[in-house]
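Here is how the chains run, residue by residue.
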Amino acid sequence: MLRQQDVGHRIVVRRIVGIREGRTLFSDALGELVELSETHITLSTDAGPLRVPVAEVHRAKRVPPARRPTAAAVVALELAADEAWPAPVRGRLGDWRLRWADGWTGRANSALPVGDPDRPLPAALDAVQRWYAERGGTALVNTPLPLAAPVGAELDARGWTARPPVLVQTVPLRALAAPPDAGHADTPPDADTPPLTGPDGTPPTAGPDGTPPVTLAGAPADDWLAIAAGRKGGLPDAARHVLTAVDRVRFAELRVDGRLLAVGRGTVTGEGRWLGVSLLEVLPEARRRGFAVAVVRALAGWGAAEGATRAFLQVEQSNTGAVELYRRLGFTTHHTYLTRVAPAA
């Protein structure tokens, strides 16, 4: 059977799915093990997340890894993502990043354990807990898998819990410029898709059939911030720093009759290679009209004009609607991470 050391690795699970004519029926699943608890096994599979009750597991084992990014590639992307979501208070433990933003979002309030912490692992984690305690916060650690699997194993031994798995997904920018799949829940035929915003952020004219344009601004408007606040539970001063303290950043807006219906945020980081897409949001009454795709394509056009060649985003594996949208846009999972939470003192 599986052990915590297998988290972040590729496994195969044979599960019991029923009984027919007195014979047990089985089904096999292959994917990356992202969570192992006393009651469930959670895999990231090509078809999406799969949560299997331990009681249904007949057999499970680690298998040779599929083709996956190198450790260096994971580190580079994690650092580009860190640059794209900058916490106002930062510290270092050797190569490890410590980040604090008054508790606004897990990414901006967690340690990033990539590289050498310049001390033994137990001592490094003790230092992480002290650093966050000094700021009145609960210690969080983002563990990219399988790169940080040893860190995860030590956190397991200390009783740290895990938030839902997050997929770090990527796509070549040229793929985002291609027409989206027709008939998707949030994607109309290409003729109805708004055009890309110009590289300088200049508002385009209305698209074919009068579809609304996407504009890009260098700073977020008040109603843009209001939508972000509704999604993230408020916007303290630290949040404004996270959103705006990037050299190359754009805030996408899609309006109809002056009302803001869809937003997104784009950054170019990682030595200019990566377009980061974040805070993509469409108001409920405006969904299923292709607005999310239009926002992503507009940001892709700007990112390409800035010299970026690939895009990335981070999405919870359990957010199946968003995962499906990104799949249709060509995004694939580069790696996953878990946000680990220290036990209450």
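For clarity, every value in this text was computed on a predicted model and none was experimentally measured.

Asks: Would you explain the packing of helix α2 (residues 121-134) against helix α3 (residues 149-157) in this entry?
Replies: Any two packed helices are characterised by the angle at which their axes cross and by the distance between the axes. Running from N to C, α2 and α3 cross one another at 70°; their axes reach a closest spacing of 11 Å. Judged by the inter-axis angle, α2 sits roughly perpendicular to α3. When α2 is examined against α3, the residues Leu121, Pro122 and Leu125 are found in contact with a partner set consisting of Pro150, Val151, Glu154 and Leu155. Of the residues that constitute the contact of α2 with α3, the class distribution is 6 nonpolar, no polar and 1 charged.

Asks: Where do I start with the nonpolar core in this structure?
Replies: As a rule of thumb, nonpolar side chains are buried together in soluble globular proteins. Grouped together as the largest cluster of nonpolar side chains are 57 residues, with contacts concentrated most on Leu176, Trp224, Leu243 and Tyr326. The element best represented in this core is helix α7 (residues 291-305), accounting for 10 residues. Setting aside its immediate chain neighbours within four residues, tyrosine 326 contacts Gln169, Leu280, Leu313, Val315 and Phe331. Core analysis: the next-biggest nonpolar cluster, separate from the first, contains 18 residues, Trp96, Leu125, Leu155 and Ala342 among them.

Asks: Would you explain the layout of surface pockets in this entry?
Replies: As a volume, the largest pocket reaches approximately 930 Å³. If you go around the largest pocket, you meet 33 residues; those closest to its centre are Arg231, Val315, Asn319, Ala322 and Tyr326. Secondary-structure elements contributing two or more residues to the lining of the largest pocket are α5 (222-232), β14 (274-282), β15 (310-316), α8 (320-328) and β16 (332-341). Considering each element in turn, the lining of the largest pocket owes the most residues, 6 residues, to β14. The residue makeup of the lining of the largest pocket, split by class, is 15 nonpolar, 9 polar and 9 charged.

Asks: Where do I start with α7 in this structure?
Replies: Residues lying three or four places apart along an α-helix face the same way, a consequence of the helix completing one turn every 3.6 residues. The end-to-end C-alpha distance of α7 is 21 Å, a good match for the 21 Å that 15 residues give at a rise of 1.5 Å each. α7 sits mainly inside the fold: 13 of its 15 residues count as buried.

Asks: For this particular structure, what's the right way to read the pairing of strand β10 (residues 166-172)?
Replies: Consecutive side chains along a regular strand alternate between the two faces of the sheet. In terms of residue burial, β10 counts as a mostly covered element, since 7 of its 7 residues are buried. In β10, alternate side chains face the same way, and those of Val166, Val168, Thr170 and Pro172 on one face and Leu167, Gln169 and Val171 on the other are all buried. Pairing geometry for β10 and β15, over 7 bridges, is antiparallel. Within β15, the residue paired with threonine 170 across the bridge is phenylalanine 312. Sheet topology places β10 next to β16; 5 bridges connect them, and they run antiparallel. Looking at β16, one finds that glutamine 169 is bridged to threonine 333.

Asks: Any chance you could explain the pattern of salt bridges here in plain terms?
Replies: Two side chains that carry opposite charge are able to pair once their charged atoms sit near each other. For the structure on display, the rule yields 17 salt bridges. When the shortest N-O distance is used, the salt bridge between arginine 340 and aspartate 156 registers 2.6 Å. Placement of arginine 340 in strand β16 and of aspartate 156 in helix α3 is noted, with a sequence separation of 184 residues between them. Given a relative accessible area of 4%, arginine 340 falls into the buried group. Judged by relative accessible area, which is 27%, aspartate 156 ranks as partly exposed. Here arginine 328 ties to glutamate 324 by a salt bridge, and the two come within 2.9 Å at their closest N and O atoms. Placement of both arginine 328 and glutamate 324 in helix α8 is noted, with a separation of 4 residues, approximately one turn of the helix. Relative accessible area serves as the criterion here: at 30%, arginine 328 is assigned to the partly exposed category. Each of the salt bridges in this network shares a partner with another, and the network as a whole consists of Asp82, Arg90 and Arg99.

Asks: It is not clear to me how the environment of alanine 139 should be interpreted in this structure. Could you clarify?
Replies: Mapped onto the fold, alanine 139 is located in the loop between α2 and β8 (140-145). When the C-alpha atoms of alanine 139 and arginine 340 are compared, they prove to be 8.4 Å apart, with 201 residues separating the residues in sequence. Setting aside anything within four residues of it in sequence, one finds alanine 139 in contact with Val128, Gln129, Tyr132, Trp160, Arg340, Val341 and Ala342.

Asks: Can you walk me through the sheet that holds strand β3 (residues 40-45) in this structure?
Replies: Backbone-to-backbone hydrogen bonds join strands into a sheet, with any given pair of strands oriented parallel or antiparallel. Read from one edge to the other, the open sheet built from 5 strands follows the order β4-β3-β2-β1-β5, with strand pairing classed as antiparallel. The open sheet has two edge strands, β4 (48-53) and β5 (57-62), and neither has a second partner. For this sheet, the mean inter-axis angle between neighbouring strands, taken without regard to orientation, is 35°. Pairing of strand β1 (residues 10-20) with strand β2 (residues 23-36) involves 10 bridges; the strand directions are antiparallel. Its bridge partner being in β2, glycine 18 is matched across the sheet by leucine 25.

Definitions and cut-offs
Residues numbered from 1 in each chain as written. Predicted model: local features only at pLDDT ≥ 70, side-chain atom pairs only at ≥ 80, totals over all residues. Heavy atoms only, no water. Axes fitted to C-alpha atoms, helices over the stretch in contact; angles between N-to-C directions. Helix = DSSP H or I, 4+ residues; strand = E, 2+ residues; numbered from the N terminus. Parallel < 35°, antiparallel > 145°, perpendicular 65-115°, else oblique. Contact = heavy atoms within 4.5 Å. Nonpolar A, V, L, I, M, F, W, Y, C, P; charged D, E, K, R; others polar. Core = buried A, V, L, I, M, F, W, Y, C linked by side-chain atoms within 4.5 Å. Buried < 20%, exposed > 50% of the residue type's maximum accessible area, 1.4 Å probe, protein only. 1 Å grid on protein atoms, 1.4 Å probe; cavity = no way out; pocket = protein on both sides within 12 Å on 5 of 7 lines; lining within 4 Å. Points joined across faces, edges and corners; volume = space filled by probe spheres on them. Expected span 1.5 Å × (residues − 1). Pairing = 2+ DSSP bridges. Salt bridge = Lys/Arg side-chain N within 4 Å of Asp/Glu carboxyl O.

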